[in-house]
Amino acid sequence: MGLKCIDVMVPPHKQRTIHPNDSIAAAFNTIKDSRARFLPVVDENGFYKGVFTAPTLLKLILPRAATIGMGADSTRVPMESLGFMSLSNSDFDAQLERLKDEKVSDNMSNPANIPVTAPDTPVMEGIFLVYKFKRHVILVEPETNRFVGTVSANSLLDNVLS
């Protein structure tokens, strides 16, 4: 019998998660402490709700004026236009303070950009999903929508390709 994604996953006790009602400031602290690039968002019963990413956190820290037009290349602000902006430690702290009441659930990644599959998915499909999306694959029990773990390029290398 072939390997399944559950055989090569990062287990839940090693994969940091965050709750939907947690603040962006809490997400910052979890990302900073764990050095994670993303956090699965899981409710108090372990049900998968989505993903909050470090790039989303960075976007929220940027002044809103810096992200105007980011959806359309033709109106994107040139990088050299941002040179007048500075960020000191106190500015950064103020930005985090501004985000303390903003919830993770309001800032999750677009679900279309997050690969989700069942734990019993064949590992070759997991490898394809990591390659296609260039990110971790979220493993969720199809019947219950419970978060099980993640498959990453590193977990694959550690468990399959070594």
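In what follows, the structure referred to is the one given above.
A brief report on the enclosed structure follows. Just so it is clear, the model here is predicted, and its values are computed rather than measured.

In terms of helices and strands, the protein chain carries five helices and five strands. Listing every helix and strand of the protein chain by position from the N terminus yields α-β-β-α-α-β-α-β-β-α. Counting across all 162 residues of the protein chain, residues that qualify as buried make up 38%. Pairs at least 24 residues apart make up 57% of the contacts formed inside the protein chain by residues separated by at least 6 positions. When the accessible surface of the protein chain is summed, it comes to about 10,000 Å², and 54% of that surface belongs to carbon and sulfur atoms.

Pairing is mixed across the open sheet formed by three strands, whose spatial order is S3-S4-S5. Edge strands, defined here as strands with exactly one partner in the open sheet, are strand S3 (116-117) and strand S5 (147-151). Of the pairings in the sheet, the one linking S3 to strand S4 (residues 137-140) comprises two bridges and is parallel in character. Across the sheet, Thr117 pairs through a bridge with Leu139, a residue of S4.

Attention now goes to unusual backbone geometry. For Arg35, which is not glycine, the phi torsion reads 60° and is therefore positive. The residue Arg35 is located in the loop between helix H1 (24-34) and strand S1 (38-42) in this model. Looking at Arg35, the relative accessible area reads 77%, which means it is exposed. Not every positive phi belongs to a glycine, and Asn145 is a case in point at roughly 65°.

Counting residues in each nonpolar core, the largest one holds 16 residues, and the members touching the most others are Ile18, Ile24, Ile31, Phe52, Leu57 and Val104. Where this core is concerned, the elements lending two or more residues are H1, S1 and helix H2 (54-61). Grouped together as the second largest cluster of nonpolar side chains are 11 residues, Met9, Val130, Val148 and Leu156 included.

Moving on, we come to the environment of Asp101. Among the secondary structure elements, Asp101 is positioned in the loop between helix H3 (89-98) and S3. Residue Asp101 is classed as exposed on the basis of its relative accessible area, which comes to 65%. For the pair formed by Asp101 and Asp22, sequence separation is 79 residues and the distance between their alpha carbons is 8.8 Å.

This next bit is on the environment of Ile114. On the secondary structure map, Ile114 appears in the loop between H3 and S3. Between the C-alpha atoms of Ile114 and Leu129, which are 15 residues apart in sequence, the distance is 9.6 Å. Residue contacts for Ile114: discarding those within four places in its chain leaves Tyr48, Val51, Ser109, Arg135 and Ile138.

Time to look at helix H4 (residues 123-133). Those residues of H4 not exposed but buried are Val123, Gly126, Leu129 and Val130. All buried residues of H4 project into a common sector of 110° when viewed along the axis, lining one side. Exposed and facing more than 90 degrees away from the buried side of H4 are Met124, Tyr131 and Lys132. Looking at the packing, one finds that the buried side of H4 touches S3, S4, S5 and helix H5 (153-159). One or two residues past the end of H4 sits Lys134, with phi positive at roughly 60°.

As a further point, take the pairing of S4. Because side chains alternate across S4, one face comprises the buried residues Val137 and Leu139, and the other comprises Ile138 and Val140, equally buried. Crossover connection from S3 via H4 to parallel S4: handedness right-handed. Across four bridges, the pairing between S4 and S5 is antiparallel. Opposite Val137, over in S5, you have Val151 as the bridge partner.

Definitions and limits used
- Residues numbered from 1 in each chain as written.
- Predicted model: local features only at pLDDT ≥ 70, side-chain atom pairs only at ≥ 80, totals over all residues.
- Heavy atoms only, no water.
- Helix = DSSP H or I, 4+ residues; strand = E, 2+ residues; numbered from the N terminus.
- Buried < 20%, exposed > 50% of the residue type's maximum accessible area, 1.4 Å probe, protein only.
- Contact = heavy atoms within 4.5 Å.
- Areas by Shrake-Rupley, 256 points an atom, 1.4 Å probe, with all protein chains shown as cover.
- Pairing = 2+ DSSP bridges.
- Core = buried A, V, L, I, M, F, W, Y, C linked by side-chain atoms within 4.5 Å.
- Arc of directions from axis to C-beta.
- Right-handed = clockwise from strand over helix to strand, strands pointing away.

Remember that the coordinates give geometry; whether it matters functionally is a separate question.
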